[in-house]
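Coordinate inspection notes
As a plain string of letters, each chain reads:
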Amino acid sequence: MPPKRAASSTSASASKRTKTSTDEPPRSERWSAVSGSANADADYKTTWKNPDKWYSFVTICSPLKDEDEDEDEDDEDEDDEDDDENEDDEGDGCGRKHCVCLKPLAENPEHPWVISQAGYRKYSTQRIHLELRNPDNFQMYTFNDHAAYGGIEVVQNLLLDYVEAAERGWREQWAVCEGLGLFLLSPMSGIMTMADDGKCVEETMRLIGRMFLNMLAQLDDQNLVGDATDVKDLGTIMAIYLKIATDMRQYGILEHDGKKGTKKFKPERFDDAILSYANQRGVTLQGPNDIDELTANLNGDVELTNKGAKDPWGWKAGLTNYKKAYAGLTNFMVKKKSSDIGGDALDITTWTSAERKAKNFDKKDPLGKREIDAIKKGLVMQLG
């Protein structure tokens, strides 16, 4: 769950953060001069100051709703004597009895839900990004599907994050994959499937598949695909992406003929290739309770790319083509211009006060002076 921020009397609140120092990463050109997205991004990047901590692995409780309910039922049959011992500080857990969220992996080495602290922080940050792109949170009506395309804009930024993270090495790129995986697994990401441009959603998901496979190829180049490697949550994250592909097909995305695939890679069946890595490199998939169902109709014998391949799984070529098709899409919707994907055009905090007033139900700016000043100072905003 994302870190909780105190709510104010208005619709949004700001939380103080440590002031930036001169050695912090430069501000991305994706962001507007005043932007809640920029602040959230900068806040995440403070993790780079302590990589040993943030790239360490922790456990989390199951993020899947049905499995949550099953665990809650099991908890009701157990004694309550250790309730106090299992209470977490605010923001450190999901609030469930016997919560294991953000506990060191060494404390529960057999727990199936594992993630790096950076990956979980990346996921939490996307919740903030999505909230800032939903006009309902600001008592506004802008245009149909604003929130849906806001979700697409969030994902596009993560694709760009993956590219930029290459400079920091595989651990940061892996954190992006972890955060994106949890984000897509969560119910909140479903909003983007409601966008009226179904082809855009389809192509976005196919590109996500290529990105994750590109990550696996990089890890494979370093002999890090397997159970006994430094990537302690590999089986969990691979299973998450299998689950995502299955879930998307319920929305008519990543559909195929239903037959088992062949050895040839098909982007709408990227889960075939993920299973092939698991089968051919000896990765134990874990996390979701329905892994057998997820893999039952997959082909786990797809031909893997050669180690050291120039563009494994066509990720770079796919990104180039995607940018040609969708660069500036979300900016166009609010009459702005951009030559790239992502950005913060649909982030309500980047709009002028007059623009927010014009779309507000009461014709008032939903952000007060305190909130606006806080954003300008670089503080992180999360809706209360």
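Located above this text is the structure these notes cover.
Residues numbered from 1 in each chain as written. Predicted model: local features only at pLDDT ≥ 70, side-chain atom pairs only at ≥ 80, totals over all residues. Heavy atoms only, no water.

1. Some details on the overall build of the protein chain
From N to C terminus, the protein chain includes 15 helices and five strands. For the protein chain, with 384 residues in total, the buried portion stands at 54%. Long-range pairs, those at least 24 residues apart, make up 74% of the contacts in the protein chain between residues at least 6 apart in sequence. (Helix = DSSP H or I, 4+ residues; strand = E, 2+ residues; numbered from the N terminus. Buried < 20%, exposed > 50% of the residue type's maximum accessible area, 1.4 Å probe, protein only. Contact = heavy atoms within 4.5 Å.)

2. With respect to the packing of aromatic side chains
Under the defined criterion, the tally for this structure stands at seven aromatic pairs. Measuring from ring centre to ring centre gives 4.0 Å for Phe212 and Tyr241, while their planes differ by 10°; the resulting arrangement is stacked. On the criterion of sequence distance, the pair formed by Phe212 in helix α8 (residues 198–221) and Tyr241 in helix α9 (residues 234–249) is long-range, its members being 29 residues apart. (Phe/Tyr/Trp six-rings, centres within 6.5 Å; stacked < 30°, edge-to-face > 60°.)

3. Structural notes on the packing of helix α1 (residues 36–44) against helix α5 (residues 117–132)
Closest axis-to-axis distance for the α1/α5 pair is 10 Å, and the angle between their directions is 170°. In terms of orientation, α1 and α5 fall into the roughly antiparallel class. For the pair α1 and α5, the contacting residues are Gly36, Ser37, Ala40, Asp41, Asp43 and Tyr44 in the first and Ala118, Arg121, Lys122, Thr125, Ile128, His129 and Leu132 in the second. (Axes fitted to C-alpha atoms, helices over the stretch in contact; angles between N-to-C directions. Parallel < 35°, antiparallel > 145°, perpendicular 65-115°, else oblique.)

4. Things to note about the environment of Asp136
One can find Asp136 in the loop between α5 and α6 (146–165). A C-alpha to C-alpha distance of 9.6 Å links Asp136 and Asn360, two positions 224 residues apart in sequence.

5. Brief notes about the sheet that holds strand β4 (residues 114–116)
Pairing within the open sheet is antiparallel, and its three strands lie in the order β3-β2-β4. The sheet is open, and its two borders are formed by β3 (103–104) and β4, each paired with just one other strand. One ladder, built from three bridges, connects strand β2 (residues 57–59) with β4; its direction is antiparallel. Paired with Val58 across the strands is Ile115, a residue of β4. (Pairing = 2+ DSSP bridges.)

6. Here we look at the pattern of salt bridges
Pairs can form between side chains of opposite charge whenever their charged atoms are close. In the structure shown here, the tally under the stated rule is 18 salt bridges. The residue Asp161 makes a salt bridge to Arg30 at a minimum N-O spacing of 2.7 Å. Pair noted here: Asp161 is in helix α6 and Arg30 is in the loop between β1 (13–15) and α1, with a separation of 131 residues, a long-range link. The pair Asp161 / Arg30 is uniform in exposure class, with both members buried. Put simply, Glu371 and Arg370 hold a salt bridge, and the shortest N to O gap is 3.7 Å. (Salt bridge = Lys/Arg side-chain N within 4 Å of Asp/Glu carboxyl O.)

7. Concerning the nonpolar core
Ranked by size, the top nonpolar core spans 99 residues in total, and within it Trp174, Met238 and Tyr241 carry the most contacts. Here this core gets twelve residues from one element, more than from any other, and that element is α8. Residues in contact with Trp174, not counting those within four places in the same chain, are Phe57, Phe212, Met215, Leu216, Leu219, Val231, Asp233, Leu234 and Ile237. Core analysis: the next-biggest nonpolar cluster, separate from the first, contains six residues, Tyr44, Trp54, Tyr55 and Ala175 among them. (Core = buried A, V, L, I, M, F, W, Y, C linked by side-chain atoms within 4.5 Å.)

8. Focus on empty space enclosed by the protein
Within the structure shown, the criterion is met by four cavities of 30 Å³ or more. Put simply, the largest cavity is a space of about 60 Å³. Arg30, Trp31, Asp41, Tyr44, Lys122, Thr125, Gln126, His129, Asn157 and Asp161 are the residues that line the largest cavity. Elements with a minimum of two residues in the lining of the largest cavity: α1, α5 and α6. The greatest single-element share of the lining of the largest cavity, amounting to four residues, is contributed by α5. Its residues assigned to classes, the lining of the largest cavity comprises two nonpolar, four polar and four charged. (1 Å grid on protein atoms, 1.4 Å probe; cavity = no way out; pocket = protein on both sides within 12 Å on 5 of 7 lines; lining within 4 Å. Points joined across faces, edges and corners; volume = space filled by probe spheres on them. Nonpolar A, V, L, I, M, F, W, Y, C, P; charged D, E, K, R; others polar.)

9. What about unusual backbone geometry?
One non-glycine residue, His98, lies in positive phi territory at about 60°. Among the secondary structure elements, His98 is positioned in the loop between α4 (83–86) and β3. On the basis of relative accessible area, His98 is assigned to the partly exposed category, the value being 21%. With phi around 50°, Gln139 is a residue other than glycine that occupies positive phi space. Residue placement: Gln139 occurs in the loop between α5 and α6.

10. A look at helix α10 (residues 270–281)
In an α-helix there are 3.6 residues to a turn, and that puts residues three or four apart on one side. End to end, α10 covers 17 Å across twelve residues, agreeing with the expected 16 Å (1.5 Å per residue, within 8%). Within α10, burial applies to Phe270, Asp271, Asp272, Ala273, Ile274, Leu275, Ser276, Tyr277 and Ala278. The inward-facing, buried residues of α10 abut α8, α9 and α11 (291–295). In the stretch just after α10, Gly282 is the one whose phi turns positive, near 70°. (Expected span 1.5 Å × (residues − 1).)

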